Amino acid sequence: MKGMARADHPFSKFGTGNSETIKDDEDTGKTVREALLEFHAKYYSASVMKCCLVGKESIPELEKMATASFSDIPNTDITDPVFPGNPYTEKELKKAVEVVPIKEARSLDLSFPMGPIRDMYDSKPATYISHLIGHESGGSILQYLKSKNWANELWGGPSRNCSDWSSFQIGIEMTEEGLKHVDEIVDVCFGYINMLKAEGPKEWIYEENLTVQSNTFRFLSKSRPQGYACSLAEKLQNYKPEDVLSGPYLTTKYEPELIKEIMGYLRPDNMIMSVTAREFKGKTKLTEKWYGTEYNESPLDPANIERWSKITFPSSDLHLPEKNDLIATDFELRDSSGFDGRPKLIVNSDLARVWYKPDDKFSMPKLNVMATLHTPHVYSDPDSYCCAQIWSGCLNEMTNEFAYMASMAGLSSSVSCSRQGVEVSVSGFNHKLHVLMAKVLETMKSFDGLLTDALFNRIKEKTVKQMKNFYYSQPYSHAGQATDIILGPVRFQAHERVEAMVGVEIDDLRVFAAKVLKRTNVEMLVHGNATEEEAKRFLDVIVSSVNPKPLYPSTAPNFRVARLPRGVDYVYRFKCYNDQEANSCCQDIFQLETDTVASAASSYFLAHLINEPCFDILRTKETLGYIVFSGRKSCEQILNIHFIVQGDANPPDYLSSRIEAFLVTFRSKLEEMPDKEFLENREAVMEKLLEKDKNLSEESYRYFSQIQKGLYVFDKAKKMAEAVENLSKADVLDLFDNYLAKGAPCRSKVSTRVFGKDVAMPIVEEGSEDEEGGGGVVIKELSEFK
């Protein structure tokens, strides 16, 4: 889109930057530094700045803080920049573009430039239109395209919202079959648009949206202050101060004429059509200037423009959505008095364990229900894993129409598969949440009768594409997966998953669906605005729908990680899956102890102390790469500290050597750290651990994480803070010297190194000492390790 804009408009400029764009201007002789200072002198002015302070202090106190901190900012009375209108004229419009992507992708984008809509936030006409075009219920564009096996996803709405112009975009993720019917897909889009124009704006749709918006704003969950302050400061550029809180959420005016005005821009003669697919590889003639993207550009067929401007479909195919009867109207809060503040086990049987906690913090009419249906069939081998992915994808698709109406009413649902089994969750306003849960489980029960060849093929194709796209992800993702396979209990390599997925047939899926939940153990959390009896009913829904038998104890999923030998380093090298990837990556991971309160506290504190100097030395000072990360994580209740460095300037063996050098430097820094600085860091970690949950979901995920791990230490953060308070510098040094230092007695390290396209990989024998890469036992084949 930017490359097709008229050359005299700022929108056509390169928006990211590279080594060419930061060179001095040879024509004028102006240096980059001079240009930067000139820009600063012109625009660094209070007149174009907005500021937001969020705090527990009073308004006068916050005002005093703002005055003290920002009153010295100069005010040159400069106004906001004004740009020269729409970047697309008739010359740039009515174009068809074919683009070759890097990843596996097939998408269709229809872009319609419009006038500015920024000041229309009180009536939001573009939101009204995007609500209908992006709808997924019966009669919608997406449902029609799915019935033809042409598309998987659709989104529609403003994609640009500038001061002088805006853009409305319809994006469609197509199937392989859909790519053969692009013009017919556009037929459907304009058939729906023309239907909306003929029907005209409907006040009942506005009123329904307003009800949902009002409920959302009234019961808006708190967010973290830093992000909230940044968000409000940005919104102050576009909203009046009195509207900055409610303006993004509420539509306060029904203005049908503005809706018609926006609809008027959605015309084929005011459109750029872009089709993205790897099938265009080798068939393009043009190359984009900055990224080297291969593409074709041609005028739209005038006959298509004429047809699209008038096309209609039968009302049985395309029509307005039905009224939404899932919108909550009961917001009564349940009594939570007398509860001790932690989840309570209210069902404990051979079949199920249900943990329950009412909302005693946020006073919201919302509920989160999370359940794991344990089964060994999801992760037993690559074939079962792939069947599980298709099964959950088909389930979500089967419930999509109902679930989409629920999402429009502030409810959400999800079915996914993990190593433990099947994960089912519903959340949102509690009033009608049980209806959504029942629908999801009823679909699970009726899976075999609802499964069709067309649905199976579409979801399989989508899942294969997602798996293949892993090959084009960042090298640190490849390193992470390889490390997980080395350490983890059961992990399947990328090529194994793709091979298994390609081989799955519909009969395999039917067999899988029949057995996956025949026997299971249910572990559930019901947290929020519900009574104990209401919580138990969610289990009743599962039992009555799936009707499972208890899982045999001997078949319950029980995953363990590899305990590496102490005092041994391992090295695993491989070329990046993407042979065009310039970046190399090193991930070094140090295995620590079992996850207890004490070990979690000490390792958390050590990771905190490492974080800032690691980034400062490896990223800022040594400039080893754009991605530098350090942190602590838990793998099946075994704690680790890990480092990631990724860049295109150095081989991964060198990156690993610099991580080791940093650890030596850090050890000295820690030993010499003044007591005052150590205590300040300790207080900062304790404060972070004791930070209160900002909303119901944060609290729910904290509890469910403990349930999934089988630990049930629901106040672990508090206990960790107490443990951190007792840590001395000698304790932290002892942890470092035992597990991270070179030659440490308990050190167990895995260094996973991904080599980019221009970096040669040394040839070292399996199991030999790695002399070239800093020492360690070489792993050549993941499948043979352990």
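Scroll up for the structure.
Residues numbered from 1 in each chain as written. Predicted model: local features only at pLDDT ≥ 70, side-chain atom pairs only at ≥ 80, totals over all residues. Heavy atoms only, no water.

**Q** What should I look at first to understand the pattern of salt bridges in this one?
**A** Pairing between side chains of opposite charge can happen when their charged atoms approach one another. A complete count under the given rule lists 49 salt bridges for this structure. Across the pair Glu104 and Arg278 runs a salt bridge whose closest N-O atoms are separated by 3.8 Å. Here Arg278 lies in the loop between strand S5 (272-277) and strand S6 (286-287) and Glu104 lies in the loop between strand S1 (95-99) and strand S2 (106-114), a separation of 174 residues in the sequence. Here Glu104 falls in the partly exposed class, since its relative accessible area comes to 22%. A salt bridge links Arg747 to Asp569; its shortest N-O distance comes to 2.6 Å. One end of the pair, Arg747, is in the loop between helix H24 (729-739) and strand S18 (748-755); the other, Asp569, is in strand S14 (residues 568-575), and 178 residues separate them in sequence. On the accessibility criterion, Asp569 (13% relative accessible area) is buried. A single salt-bridge network, built from bridges that share partners, covers Lys357, Asp360, Lys361, Asp693, Glu699 and Arg702. (Salt bridge = Lys/Arg side-chain N within 4 Å of Asp/Glu carboxyl O. Helix = DSSP H or I, 4+ residues; strand = E, 2+ residues; numbered from the N terminus. Buried < 20%, exposed > 50% of the residue type's maximum accessible area, 1.4 Å probe, protein only.)

**Q** Explain helix H14 (residues 453-469) to me, please; I cannot follow it from the model alone.
**A** Given 3.6 residues to a turn, an α-helix orients residues that are three or four positions apart in the same direction. Over its 17 residues, H14 runs 24 Å from end to end, which matches the ideal 24 Å to within 8%, given 1.5 Å per residue. Taken together, the buried positions of H14 are Leu455, Phe456, Arg458, Ile459, Lys460, Lys462, Thr463, Val464, Lys465, Met467 and Asn469. (Expected span 1.5 Å × (residues − 1).)

**Q** Is there a simple way to explain the sheet that holds strand S8 (residues 344-348) in this structure?
**A** Note on sheets: strands pair through backbone hydrogen bonds, and any given pair is parallel or antiparallel. Here six strands make up an open sheet; going across it, the order is S8-S9-S13-S10-S12-S11 and the pairing mixed. Two strands lie at the open edges of the sheet, namely S8 and strand S11 (411-418), each paired on one side alone. Neighbour to neighbour, the strand axes of the sheet diverge by 15 degrees on average, direction disregarded. Both strand S9 (residues 352-358) and strand S13 (residues 521-528) contribute to a ladder of seven bridges, which runs parallel. The residue bridging Lys357 from the neighbouring strand is His527, located in S13. Its contacts with the sheet put helix H10 (residues 382-398) on S11 and strand S12 (421-429), and the angle it makes with S11 is roughly 165 degrees. (Pairing = 2+ DSSP bridges. Axes fitted to C-alpha atoms, helices over the stretch in contact; angles between N-to-C directions. Contact = heavy atoms within 4.5 Å.)

**Q** How should I be thinking about the sheet that holds S18 in this particular structure?
**A** A sheet is described by the order of its strands in space; here six strands give the open sequence S16-S17-S15-S18-S14-S19, paired in mixed fashion. On the outer flanks of this sheet lie strand S16 (627-635) and strand S19 (777-779), each paired with one strand and no other. Neighbour to neighbour, the strand axes of the sheet diverge by 20 degrees on average, direction disregarded. As paired strands, S14 and S19 are joined by three bridges and run parallel to one another. Among the inter-strand pairings, Tyr572 is bridged to a residue of S19, identified as Ile779. Those strands touched by helix H19 (residues 597-621) are strand S15 (584-594), S16 and strand S17 (638-647), and its axis lies near 170 degrees from that of S16.

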